[in-house]
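Chain and residue survey
Chain by chain, the residues run as shown.
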Amino acid sequence: QVQLVESGGGLVQAGGSLRLSCAASGRTFTNYVMGWFRQASGKEREFVAGITWSGGTTHYADSVKGRFTISRDNAKNTVSLQMNSLKPEDTAVYYCAADRSYNVVHITSTNYDYWGQGTQVTVSS
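In what follows, the accompanying structure is described. (Residues numbered from 1 in each chain as written. Predicted model: local features only at pLDDT ≥ 70, side-chain atom pairs only at ≥ 80, totals over all residues. Heavy atoms only, no water.)

Mapped onto the elements, Glu 6 comes out in strand 1 (residues 2-7). It turns out Glu 6 is buried and unbridged, and the closest side chain with the opposite charge, Arg 45, is 7.7 Å from it. A distance of 3.0 Å separates a polar side-chain atom of Glu 6 from the backbone nitrogen of Gln 117. From its side chain, Glu 6 meets the backbone nitrogen of Gly 118 in a polar contact 2.9 Å long. Sequence-distant contacts of Glu 6, defined by excluding residues within four places in its chain, comprise Ser 21, Cys 22, Trp 36, Tyr 94, Tyr 95, Cys 96, Gly 116, Gln 117, Gly 118 and Thr 119. (Helix = DSSP H or I, 4+ residues; strand = E, 2+ residues; numbered from the N terminus. Buried < 20%, exposed > 50% of the residue type's maximum accessible area, 1.4 Å probe, protein only. Lys, Arg positive; Asp, Glu negative; His and termini not counted. Salt bridge = Lys/Arg side-chain N within 4 Å of Asp/Glu carboxyl O. Polar contact = N/O pair within 3.5 Å; in protein donor to acceptor, adjacent residues only side chain to side chain. Contact = heavy atoms within 4.5 Å.)

This part takes up the environment of Val 121. Looking at the element boundaries, Val 121 is found in strand 11 (residues 119-124). Val 121 gets classed as buried once you look at its relative accessible area, which sits at 0%. Through-space distance from the C-alpha of Val 121 to that of Asn 74 is 25 Å; in sequence the pair is 47 residues apart. Contact partners of Val 121, with chain neighbours within four places excluded, come to Gly 9, Gly 10, Leu 18, Leu 20, Met 83, Asp 90, Thr 91, Ala 92 and Tyr 94.

This is the structure in structure tokens:
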């Protein structure tokens, strides 16, 4: 089992920045690809960003490419999402997730085995 706890959400004006963090505990953190997903009210959960166990490969949704950066610190068992130039359409609950695929970033939520409880991000216009 892997337990994931997100933090760092909040209310920010359009154009602002937020940094989300996800703390992992349980099984060996380095065995997992880590991903961030989001779900806006009334919409399906969607992939935002993912990173392989070494951090050597990252993948982003087109909607956030160039604005968001995913990173991980395996020594601290954390993964972060730096979000810049935020837009109102980024408003959603953001979830951290772990995938046992080790070295392939999947964009489909069903590939991920463990999920955090989510953190709300609200971007005002």
